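The lines below spell out each chain.
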Amino acid sequence: MGTHVRDLAEATPVTRDRYIDLLRVLSLGTVVLGHWLMAAVTTDGVGNLLAVVPELQLLTWVLQVMPVFFFVGGFSHALSYRSLLRRRPEDSTGSVYPSFLRARLQRLLRPTMVFVLVWGVAALVVQLLGGGGGLTGVTLRLVTQPLWFIGIYLAMVAFTPALLKLHDRLGWGAFAALAGAAATVDLLRFAAGVPYVEFLNFAFVWLAVHQLGFLRADGRIRRPALLAGTGLVAAVALVALGPYPLSMVGMPGEKISNMAPPTLALLGHGLWLVGAVELLRAPGSRLVAVPRVWRAVVAANGVAMTAFLWHLTAMLGVYGTMLALGLPLPEPATGAWWAQAPVRMTVAAAVTAVLVAAFRTFERPARVAAPSRGSGGAGAVAAIGVTLALLGVLGLSMVGYAGLLEGHTALLIAVHVSAPAAVAMALGGWLLGEWVGRGGPVRRRSVSLLDPVRHPVRTG
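Notes on the structure follow. (Residues numbered from 1 in each chain as written. Predicted model: local features only at pLDDT ≥ 70, side-chain atom pairs only at ≥ 80, totals over all residues. Heavy atoms only, no water.)

## What about unusual backbone geometry?
Stage number 1. Following alanine 260, the chain continues into proline 261 via a peptide bond in cis, with omega recorded as 0°.
Stage number 2. In the Ramachandran plot, tyrosine 196 falls in the positive-phi region, its phi being about 70° despite a non-glycine side chain.
Stage number 3. Of note, tyrosine 196 is situated in the loop between α9 (172–190) and α10 (201–217).
Stage number 4. Here the phi dihedral of alanine 333 falls at roughly 75°; this positive angle occurs in a residue that is not glycine.
Stage number 5. What makes alanine 333 partly exposed here is its relative accessible area of 26%. (Helix = DSSP H or I, 4+ residues; strand = E, 2+ residues; numbered from the N terminus. Buried < 20%, exposed > 50% of the residue type's maximum accessible area, 1.4 Å probe, protein only.)

## A few points about the packing of helix α11 (residues 224–241) against helix α12 (residues 264–279)
Stage number 1. Two numbers describe how α11 lies on α12: the axes approach to 7 Å, and their chain directions differ by 155°. Judged on the interaxial angle alone, α12 and α11 are roughly antiparallel. Crossing handedness for the pair α11 and α12: left-handed. The segment α11 lies against α12, with Pro224, Ala225, Leu227, Ala228, Gly231, Leu232, Ala235, Leu238 and Val239 engaging Leu264, Ala265, Gly268, His269, Leu271, Trp272, Val274, Gly275, Ala276, Glu278 and Leu279.
Stage number 2. Looking at the contact of α11 with α12 residue by residue, the classes come out as 15 nonpolar, four polar and one charged. (Axes fitted to C-alpha atoms, helices over the stretch in contact; angles between N-to-C directions. Parallel < 35°, antiparallel > 145°, perpendicular 65-115°, else oblique. Left-handed = near helix turned anticlockwise from the far one by under 90°. Contact = heavy atoms within 4.5 Å. Nonpolar A, V, L, I, M, F, W, Y, C, P; charged D, E, K, R; others polar.)

## Remarks on the environment of valine 194
Stage number 1. Relative to the helices and strands, valine 194 resides in the loop between α9 and α10.
Stage number 2. Of the residues examined, valine 194 reaches a relative accessible area of 33% and is grouped as partly exposed.

## Concerning the pattern of salt bridges
Stage number 1. With the rule as written, the count across this model stands at eight salt bridges.
Stage number 2. Across the pair arginine 16 and aspartate 21 runs a salt bridge, and its minimum N-O distance is 2.9 Å.
Stage number 3. Residue classification places arginine 16 among the buried positions, given a relative accessible area of 7%.
Stage number 4. Under the relative-accessibility criterion, aspartate 21 is labelled buried at 1%. (Salt bridge = Lys/Arg side-chain N within 4 Å of Asp/Glu carboxyl O.)

## Digging into the packing of aromatic side chains
Stage number 1. Summed over all chains, the structure comprises 18 aromatic pairs.
Stage number 2. Considering the side-chain rings of tryptophan 337 and tryptophan 338, the 5.0 Å spacing of their centres and the 90° angle between planes classify their relative orientation as edge-to-face.
Stage number 3. When its relative accessible area of 1% is taken as the criterion, tryptophan 337 is described as buried.
Stage number 4. Among the residues examined, tryptophan 338 registers a relative accessible area of 36% and is labelled partly exposed.
Stage number 5. Lying over the aromatic face of tryptophan 337, arginine 344 brings its terminal NZ or CZ to 4.6 Å of the ring centre. (Phe/Tyr/Trp six-rings, centres within 6.5 Å; stacked < 30°, edge-to-face > 60°. Lys NZ or Arg CZ within 6 Å of the ring centre and 35° of its normal.)

## Describing the packing of helix α6 (residues 96–128) against helix α17 (residues 419–435)
Stage number 1. Direction vectors running N to C along α6 and α17 enclose 145°, while the axes themselves pass 9 Å from each other. In this structure, α6 crosses over α17, and the sense of that crossing is left-handed. For the pair α6 and α17, the contacting residues are Arg102, Leu105, Gln106, Leu109, Arg110, Met113, Val116 and Leu117 in the first and Val423, Ala426, Leu427, Gly429, Trp430, Gly433 and Glu434 in the second.
Stage number 2. Of the residues assigned to the contact of α6 with α17, the class counts are nine nonpolar, three polar and three charged.

Now the structure itself:
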């Protein structure tokens, strides 16, 4: 692996914007470390450190970095889709869209479906043997929760062509339209009490952040300090004067969450973070230009999705082992708990590394079909596939695997969904994505670990 990473790093074009790759790695890494730190596990269950020490909720204004990942995704998607269009300028929909979707379905869903199926089998065996209580039951419920991120990201991929056209026509106006829609949803939710309308902000808030990536790709974020300041002031005002909570992550038992569904306050937080990382662009670019640092970024990008999928498994496995061995679990936020935290996180990192070694092969880039003539019908199939996949993944993130044999369900938008139904949708969507482009002769090319962000530097 080391030689392969070194070869990839040395082959990186000088025009590549390496800072984007650094942001991707740092954002996912921050999420993983945040989950490990915030888990407050006791013999009675799993809580949240932010609920134990509410003053720490202010840290989420720095550590809730999913907006940065979605911003990076917008940048990558804009350049990747335009690259496909340049290869087939005479066909802007028929063959380019399914090729674009399929490449991303493969990269996201191959490791995801392995995770889903492995845990599905494990959950079924545990519950058939009469288990599923205590920390095991909590684990079966929690391990799938991070999958919401995969579902939202799939939606961003699906909407990229349409929103990129809107961006090309309106620029900042496209972002303003999505932000305005998010504000309207919150107004209808909090002022008029319209039921279920809040779920629309899963689209409007995150797609608005994604749209900022399009603007970055075109060099149109020219005043990042203004962007950061505007977002920070807006978020502070909304939290101080409105119904929005302080925490930018979900809290157990809260009536209103800034995350599920997203709120206008979270969009302000996203603006602040995007502006902040753009202000750090120059020193960050210098850092990642160091060969040793760049090799580390290349290596991390190659296993980032696998590490993200399995990091909660590793963490809960560490706690389960401690309970099985009779080791003490200090009360969260006590001195003993903080003293033990570095050891727990180090062991969780080691277990994650083992899981990455076991499953990283499913994240290795596949060979994807190049756009070809006569594949217009594949666009509809690809769209159905990505829709099924995102609904299935989102549904599983909400229902989990606990209560699998009892038919436990959770509310997905306005429909109750069970774990088997969610898995079936995700698996069906993935298989449709794999099938697209296989029906006829296609030209194939190898995909590098770095292909999802094969992009030039933008200096504007």
